[in-house]
Amino acid sequence: MGTLSSFSILSFRIRVNLINEAPSPIFPRQKVLRCSDTRISTNPRSCYLCGKGLRRGIQGQINNGGFDNRLMCFSSGSDGDGDSGGSSNDSNLATKEKEATEREEGGRSSSEDKSTSFSSSGRQPISLEGPSYNNFQVDSVKLMELLGPEKVDPNDVKLIKENLFGYSTFWVTKEEPFGDFGEGILFLGNLRGNREQVFEKLQKQLLELMGDKYNLFMVEEPNAESPDPRGGPRVSFGMLRREVSEPGPTTLWQYIIALLLFLLTTGSSVELGIASQINRLPPEVVKYFTDPNAIEPPDMQLLFPFVESALPLAYGVLGIQLFHEIGHHVAAFPKNVKLSIPYFIPNTTLGCFGAITQFKSILPDRKTKVDISVAGPVAGAALSFSMFAVGLLLSSNPDVAGDLVQVPSMLFQGSLLLGLISRAFLGYTAMHAAAVSIHPLVIAGWCGLTTTAFNLLPVGCLDGGRAVQGAFGKNALFAFGLTTYTLLGLGVLGGPLSLPWGLYVLICQRTPEKPCLNDVTEVGSWRKAVVVVAIFLVVLTLLPIWDELAEELGIGLVTTF
């Protein structure tokens, strides 16, 4: 707005030309007039325009009206409290008033509605929006920058652009924030050679130029409009500080938590061993654990005689999980990848829900991610299936009949794959009954294979999620994860364990793994085939047997359909 429209205060009608306008420190949304006189007074009873005092009578009228008392100056004529204005200022004001009047004649009707009018009858509304109310957002951003991870030095970015990238490697055309909090720099541009060779060359040059201060990542260009002309996706290079991008060391509290979880897992495994002897337990104990109407707990001392016989099964469950973790470490050692201590998750149904193992190093490429992720489940599944198969063979051996335990035959309907294998080993007569006599190794192998299958589900940062992310990329993991959550929510996979496992993943394992240094190069066909076969076996293991098929195969007694 160029001028302040005419208004009436105590029968005075004055027009003032706007020389410039600025936001008010008191009313952020109002524009405050300033006159050409740069002497702005700090007196609360002075004029915003020239800093001269207001007339006494006008001040009283303004104060009674309740709006700002520093609106305009009436000091052109000497009076009372007002300072006497110079003749040159009065002349300039009169000239500017005349010019303003001529400019306003043509558009007065429209400007009067949009002008800033002041009246002694009320207070002008104050907007709660403006720069002063946005200061909180600015301060919040500054606080996040202060508390967040340290960003890349702009001087280093300039030096790296000048000395690292170029016509022969990668021509930078644009820069964007990189990282979870924008603490890094993502260089976008055009690749000028083989991506693996260019990346290796850039890593060596960065090490020579900056030492070990930064880590360089080769990732797929986000929102790329077209693939790379040389084939494959377009690539870009991200840079993060080494202390920001690499995981921190394991703390003392983490060791303590891991130890407590291992002790709890040992207890849940022993409890599983005791529960497997349900046909030998005292009736009052069985009733308490099986009858939902039972309220008074039995004497727990009745369970002590069964602890010793439960230890072999507990050892088997814990041995499978330890073998699983050893598989991870064996695959990580040749790649110089450090892993955290395992955080075992206790579970009374399976003895253990597996363990959370974190990467303590940045993975060099996607092949390494697939190899380490698959190695643990393969090792655990191999030991579990060995126990399962040996247990089935011993279950048919009359010489070890004293070591067998009876379990409800309906348990074999919990897994399509394991139920069919058990049916093949034990036969129709043994399986088509209310209870089946089996060796404790069958229970240990069954629980180990089920736990391994749960951990190979392609979601989050589970072993299966890491394998799918390394083999097929992050977008494929999103699709697999959405499907997995849906099947778990519907109870299609895992039966009664689907809900607790789904909650566990959502709370602890839902976040995908961070990218590798080389997050672009493909892993090869045979690694992708291994991941696909593993997921297929996972589905067969966690898919329950429906009643019609169970009745036809003779797995358990199906009384209702």
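Just so it is clear, the model here is predicted, and its values are computed rather than measured.

Asker: So what's going on with the pattern of salt bridges? Residues and values would help.
Answerer: Within the structure shown, the criterion is met by 11 salt bridges. Across the pair glutamate 200 and lysine 204 runs a salt bridge whose closest N-O atoms are separated by 3.7 Å. Taken as a pair, glutamate 200 and lysine 204 lie in helix H6 (residues 195–210) at a separation of 4 residues, close to a single helical turn. When its relative accessible area of 44% is taken as the criterion, glutamate 200 is described as partly exposed.

Asker: Just give me the short version of helix H8 (residues 252–275), but keep the residues and values in it.
Answerer: For H8, built from 24 residues, the straight-helix expectation of 34 Å at 1.5 Å per residue is met to within 8% by its first-to-last C-alpha distance of 35 Å. The secondary structure elements touched by the buried residues of H8 are helix H10 (307–332), strand E9 (343–347), strand E10 (351–356) and helix H13 (440–455).

Asker: Go over helix H5 (residues 154–163) with me, naming the residues and quoting the values.
Answerer: For H5, the complete set of buried residues consists of Asp156, Val157 and Ile160. End-on, the buried residues of H5 take up no more than an arc of 105 degrees, which puts them together on one face. Within H5, the exposed residues directed more than 90 degrees away from the buried face are Pro154, Asn155, Lys158 and Glu162. Packing partners of the buried residues in H5 comprise strand E5 (170–178), strand E6 (184–191), H6, strand E7 (214–220) and strand E8 (235–241). Where H5 begins, one side-chain oxygen reaches toward the backbone nitrogen of asparagine 155, 3.1 Å away; that side chain belongs to aspartate 153.

Asker: Which residues make up the sheet that holds E5, and what values do they have?
Answerer: Strands sit in the order E5-E6-E8-E7 across an open sheet of 4 strands; the sheet is antiparallel. Two strands bound the open sheet, and with one partner strand each, they are E5 and E7. Across the sheet, the mean angle from the axis of one strand to that of its neighbour is 25 degrees, orientation sign disregarded. In this sheet, E6 lies alongside E5 in antiparallel orientation, the contact comprising 8 bridges. Residue glutamate 175 lies in a different strand from E6, and its bridge partner there is phenylalanine 187. Each of E6, E7 and E8 is contacted by H6, which is oriented at about 160 degrees to E7, the strand it contacts most.

Asker: I'd love a proper account of empty space enclosed by the protein, names of residues and values included.
Answerer: Inspection of the entire model under this criterion finds 4 cavities of 30 Å³ or more. Within this model, the largest cavity holds a volume of roughly 90 Å³. Around the largest cavity, the lining residues are His324, Glu325, His328, Ala355, Ile356, Thr357, Asn455, Cys461, Leu462, Asp463, Arg466 and Gln509. Contributing elements (two or more residues each) for the lining of the largest cavity: H10, E10 and helix H14 (463–472). Of the residues forming the lining of the largest cavity, the biggest block, 3 residues, is contributed by H10. Residue composition of the lining of the largest cavity, by class: 4 nonpolar, 5 polar and 3 charged.

Asker: An account of the UniProt feature "transmembrane region" (unreviewed entry) in the chain is requested, with residue identities and associated values reported.
Answerer: If you check UniProt for "transmembrane region" (unreviewed entry), the listed places come out as residues 252–274, 374–395, 407–426, 438–457, 477–507 and 528–546 in our numbering. The straight-line gap between the two end C-alpha atoms of residues 407–426 is 14 Å; of that span, 55% is helix and 10% is strand. Span residues 528–546 is 79% helix and 0% strand, its end C-alpha atoms 31 Å apart.

Asker: Break down the packing of helix H12 (residues 416–431) against H13 for me, with residues and values.
Answerer: Where H12 contacts H13, the axes come no closer than 11 Å and their chain directions differ by 155 degrees. When the interaxial angle is binned, H12 and H13 end up roughly antiparallel. Here the hand of the crossing between H12 and H13 comes out right-handed. In contact with Leu418, Gly419 and Ser422 of H12, H13 contributes Trp446, Leu449 and Thr450. Within the contact of H12 with H13, the residues separate by chemical class into 3 nonpolar, 3 polar and no charged.

Asker: Explain the side chain of serine 422 to me, and be specific about the residues and the numbers.
Answerer: When you line up the elements, serine 422 lands in helix H12. According to the relative accessible area criterion, serine 422 is buried, its value standing at 0%. Look past the residues within four positions of serine 422 in its chain and what remains in contact with it is Phe388, Leu392, Phe412, Gly427, Met431 and Trp446.

Asker: How would you summarise the nonpolar core if you had to cite specific residues and measurements?
Answerer: Ranked by internal contacts, the top residues of the largest apolar core, which has 51 residues, are Phe388, Phe412, Ile438, Leu457 and Trp501. The leading source of residues in this core is H13, at 8 residues. Discounting chain neighbours no more than four positions away, the residues touching phenylalanine 412 are Val407, Gly419, Ser422, Met431, Val436, Ile438, Trp446, Ile545 and Ile555.

Asker: I'd like a description of the pairing of E9, backed by residues and values.
Answerer: Within E9, 4 of the 5 residues are buried, which leaves the element mostly enclosed by the surrounding structure. Note: E9 against E10, 4 bridges, orientation antiparallel. The residue of E10 that forms the bridge with asparagine 347 is glycine 351. A loop of 3 residues connects E9 with E10, the two strands running antiparallel in sequence.

Asker: Let's hear about the packing of H10 against helix H11 (residues 366–395): which residues, and what values?
Answerer: Where H10 meets H11, the closest approach of the two axes is 7 Å, and the angle between their N-to-C directions is 150 degrees. Taken together, the axes of H10 and H11 lie roughly antiparallel to each other. Like other packed secondary-structure pairs, H10 and H11 cross with a definite hand, here right-handed. The segment H10 lies against H11, with Gly316, Gly319, Ile320, Phe323, His324, Gly327, His328, Ala331 and Ala332 engaging Asp371, Ile372, Ser373, Ala375, Gly376, Pro377, Ala379, Gly380, Leu383, Ser384 and Met387. Classifying every residue of the contact of H10 with H11 gives 10 nonpolar, 9 polar and 1 charged.

Asker: Give me the lowdown on the packing of aromatic side chains, citing residues and values where you can.
Answerer: According to the stated counting rule, one finds 15 aromatic pairs in the structure shown. Each ring, one from phenylalanine 199 and one from phenylalanine 237, has its centre 6.3 Å from the other, and the planes form 20 degrees; the classification is stacked. Of the two residues, phenylalanine 199 sits in helix H6 while phenylalanine 237 sits in strand E8, which places them 38 residues apart along the sequence. Of the two residues, phenylalanine 199 and phenylalanine 237, both sit in the buried class.

Asker: An account of the environment of isoleucine 545 is needed here, citing residue identities and associated values.
Answerer: Mapped onto the elements, isoleucine 545 comes out in the loop between helix H17 (525–542) and helix H18 (547–553). With a relative accessible area of 4%, isoleucine 545 lands in the buried category. Separated by 125 residues in sequence, isoleucine 545 and leucine 420 have C-alpha atoms that sit 9.2 Å apart. Here isoleucine 545 is in contact with Phe412, Gln413, Ser415, Leu416, Gly419, Ala550 and Ile555, once residues within four sequence places are set aside.

Analysis parameters
- Residues numbered from 1 in each chain as written.
- Predicted model: local features only at pLDDT ≥ 70, side-chain atom pairs only at ≥ 80, totals over all residues.
- Heavy atoms only, no water.
- Salt bridge = Lys/Arg side-chain N within 4 Å of Asp/Glu carboxyl O.
- Helix = DSSP H or I, 4+ residues; strand = E, 2+ residues; numbered from the N terminus.
- Buried < 20%, exposed > 50% of the residue type's maximum accessible area, 1.4 Å probe, protein only.
- Expected span 1.5 Å × (residues − 1).
- Contact = heavy atoms within 4.5 Å.
- Arc of directions from axis to C-beta.
- Polar contact = N/O pair within 3.5 Å; in protein donor to acceptor, adjacent residues only side chain to side chain.
- Pairing = 2+ DSSP bridges.
- Axes fitted to C-alpha atoms, helices over the stretch in contact; angles between N-to-C directions.
- 1 Å grid on protein atoms, 1.4 Å probe; cavity = no way out; pocket = protein on both sides within 12 Å on 5 of 7 lines; lining within 4 Å.
- Points joined across faces, edges and corners; volume = space filled by probe spheres on them.
- Nonpolar A, V, L, I, M, F, W, Y, C, P; charged D, E, K, R; others polar.
- UniProt positions renumbered as here; feature names shortened; annotations may be inferred.
- Parallel < 35°, antiparallel > 145°, perpendicular 65-115°, else oblique.
- Left-handed = near helix turned anticlockwise from the far one by under 90°.
- Core = buried A, V, L, I, M, F, W, Y, C linked by side-chain atoms within 4.5 Å.
- Phe/Tyr/Trp six-rings, centres within 6.5 Å; stacked < 30°, edge-to-face > 60°.

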